[in-house]
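# Coordinate analysis (summary)
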Amino acid sequence: FSFNMIGLPGETPEALLDTIKLNALVRSDEIQHSIFYPYPGTELYDVCKEQNLTSDRVVPDYYQDSVLELDTISREQVLLFHKYFHRLVQAYGLLFRLPGTLSRVLVAFLDRTLCSSQGPRAMKISRGFVHPLRMAIAALSGAPRGRSKNKTSPKGGGECVTIRGTHVEGRN
């Protein structure tokens, strides 16, 4: 089991990605994650109040939203990482299984995209971002592939994937 809390005071997008990557490396059977909520009477509640990190926003529970306004990570980024936590763990798990240089390049690209201030916007614009990435990685690594609307059969058998105009041949 892996229990994760995100959106803590001082947390950065890079630190949150380290949490996601650790989950990908550990390959836990069960992963649970929640958004940090400062409970009155705790030291972290006092820290949040002293640093003026709390907002007046009312959230029904810590699985849906954050009451904090952090300088180190935007609320939108926290919600993005929360929404896609499991998919990102899967995506990084697949990336880590690729050959060295390819893995490093794709991990660096995904890191930069997710950690940028435009990361949440990019995820909203490119619906299904993680699934095409997963399909491309599967095609490159020879991993088993599921059905996809993006999949076609190239000449000579096998499968291929087209992601944003880039054609990737799969292995037979």
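Note that the structure is a prediction, hence the values are computed from the model and not measured. (Residues numbered from 1 in each chain as written. Predicted model: local features only at pLDDT ≥ 70, side-chain atom pairs only at ≥ 80, totals over all residues. Heavy atoms only, no water.)

The next subject is the overall build of the chain. The number of helices and strands found in the chain is 7 helices and 5 strands. For the chain, the sequential pattern of α-helices and β-strands runs β-α-β-α-α-α-α-α-α-β-β-β. Buried residues in the chain amount to 41% of all 172 residues. Across the chain, contacts joining residues at least 24 apart in sequence account for 58% of those joining residues at least 6 apart. A total accessible area of about 10,400 Å² is found for the chain, and carbon and sulfur atoms account for 52% of it. (Helix = DSSP H or I, 4+ residues; strand = E, 2+ residues; numbered from the N terminus. Buried < 20%, exposed > 50% of the residue type's maximum accessible area, 1.4 Å probe, protein only. Contact = heavy atoms within 4.5 Å. Areas by Shrake-Rupley, 256 points an atom, 1.4 Å probe, with all protein chains shown as cover.)

Take the side chain of N4 next. You can see N4 is positioned in strand 1 (residues 2-6). Here the side chain of N4 touches S2 through a polar contact of 3.0 Å, side chain to side chain. (Polar contact = N/O pair within 3.5 Å; in protein donor to acceptor, adjacent residues only side chain to side chain.)

In this fold, R87 is placed in helix 4 (residues 85-96). Take R87: its relative accessible area is 49%, and that puts it in the partly exposed class.

Moving on to the environment of F1. Within the secondary structure, F1 sits in the segment before strand 1. F1 sits 29 residues away from E30 along the chain, and the two C-alpha atoms are 4.8 Å apart. Sequence-distant contacts of F1, defined by excluding residues within four places in its chain, comprise S28 and E30.

Right, let's get into the packing of aromatic side chains. The relation between two aromatic rings is expressed through the spacing of the ring centres and the mutual angle of the planes. Scanning the entire structure with this criterion turns up 3 aromatic pairs. Between Y92 and F96, the ring centres sit 6.0 Å apart and the planes meet at 45°, which makes this aromatic pair tilted. A residue pair is termed a helical-turn pair when its members lie 3 or 4 positions apart in one helix, as Y92 and F96 do in helix 4 at 4 residues. Residue Y92 is classed as buried on the basis of its relative accessible area, which comes to 0%. Overall, F96 belongs to the partly exposed group, its relative accessible area being 28%. (Phe/Tyr/Trp six-rings, centres within 6.5 Å; stacked < 30°, edge-to-face > 60°.)

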